[in-house]
Amino acid sequence: MSSVPNGLSPYPIVQAPMAGGVSCPPLAAAVCEAGGLGFLAGGYKTADGMYQEIKQVRALTRRRFGVNLYMPQTGYVDPAAVEAYRGQLAGEASWYAVSLADEDIIGTSDDGYDAKLAILLEDPVPVVSFTFGCPSSSALAALRKAGTYTVVTVTSVEEARAAQQAGADAVCVQGVEAGGHQGTHRDDPQADGTAAVGLLALVAQVREAVALPIIAAGGLMRGSQIAALLAAGAEAAQFGTAFLACPESGADPAHKKALTDPLFVRTELTRAFSGRPARGLVNRFMREHGPYAPAAYPQVHHLTSGLRKAAAAAGDPQGMALWAGQGHRLARALPAAELVEVLAAELAEAQSTLKAMQMRSAS
């Protein structure tokens, strides 16, 4: 059985860095202990908050783990569009009895990137991945010098080539099936719903375009899918929604329940909650506000933060950001370590079946 690139974990199974408290230390450590590669999400945390979680993981496991960073957002955001959306959400604010974020909070867009990178250079972790862009060549070189393996999330061949040129050690190839945010390097509203590519097709395209190891991500829920992706040229598979349902995950109970609730039958990409395309279960909030949400990340994320927290506190999934991949109906509420073992067993069975078929066809 193959392992994650560079021998980072025994199994080619990566737990996605899901921000918002989902990929917490207990989840990451449990995945690592079971033989996968666990990840912490640095997004939406302070630099110190990220470091405190790193220390917690180190106390729970001696195995290698990763930390994900969000790249600073530099694109122009129309303040008038954000304010118009604030008006669109006035009824929600009244319903949940919360105030929408003020303009000072809405103005932040770098997610504390420089401070977080400085911590990871001063006290290195085994793996650092990046989302929403590609770091500079100097940043990647500094991390490599510190002994850190670097991964850049990509959603196209062009982004994969940019990551290789910048000096990344590997790419995480994200298909359109993935839950949560699309990790595009540039948020182009003109490409909404047209530019994204399915995972298997994208892995094949990236495999022929760059020489970097590939971690494949997007709607994965079963070990047999890992076998298909390894055959297509990936070195490992990344699972997000599959681990979201685990008891160790920090996801809200209403979010976990919604994954297999017959009330939520499909997913869509939406800007409703954050201003950037992200895949979630279609609920009332998405239907009512998605068509009006501007391309304004992370401004819209901050704007809706209080609404989402209030909906979660009220146990109302219709007002929450229910991030989920296309395979969400296959979620299994297993302990994380058990899920890793089940996925590994399913992979081994699929590979054994494929080998037997090849032997029969050759005889």
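In case you missed it, the structure is sitting above this.
Note that this is a predicted model, so its numbers are computed, not measured.

In this structure, what is going on with unusual backbone geometry? I would like to understand it.
If a residue is not glycine, its phi is most likely negative; likewise, a peptide bond is most likely trans. Each neighbour pair has its own omega, and for Y297 with P298 the value is 5 degrees, a cis peptide bond. Within the secondary structure, P298 sits in the loop between α13 (284-289) and α14 (299-313). Its identity is not glycine, yet A97 carries a phi of approximately 55 degrees, on the positive side. Relative to the elements of secondary structure, A97 occurs in the loop between α4 (90-96) and α5 (103-106). Classification of A97 as exposed rests on a relative accessible area of 65%. Here F132, not a glycine, exhibits a phi torsion of approximately 75 degrees, which is positive. When you line up the elements, F132 lands in the loop between β4 (127-131) and α7 (137-145). Take F132: its relative accessible area is 2%, and that puts it in the buried class.

Can you walk me through the packing of helix α2 (residues 47-60) against helix α6 (residues 113-122) in this structure?
Two measures define how a pair of helices packs: the angle their axes make with one another and the distance between the axes. It is at 9 Å that the axes of α2 and α6 come closest, and there the two elements cross at 35 degrees. Here α2 runs over α6; the crossing is right-handed. Contacts from A47, D48, M50, Y51 and I54 in α2 reach A115, K116, I119 and L120 in α6. Of the residues in the contact of α2 with α6, the class split is seven nonpolar, no polar and two charged.

Each value, and the rule that gives it
Residues numbered from 1 in each chain as written. Predicted model: local features only at pLDDT ≥ 70, side-chain atom pairs only at ≥ 80, totals over all residues. Heavy atoms only, no water. Helix = DSSP H or I, 4+ residues; strand = E, 2+ residues; numbered from the N terminus. Buried < 20%, exposed > 50% of the residue type's maximum accessible area, 1.4 Å probe, protein only. Axes fitted to C-alpha atoms, helices over the stretch in contact; angles between N-to-C directions. Left-handed = near helix turned anticlockwise from the far one by under 90°. Contact = heavy atoms within 4.5 Å. Nonpolar A, V, L, I, M, F, W, Y, C, P; charged D, E, K, R; others polar.

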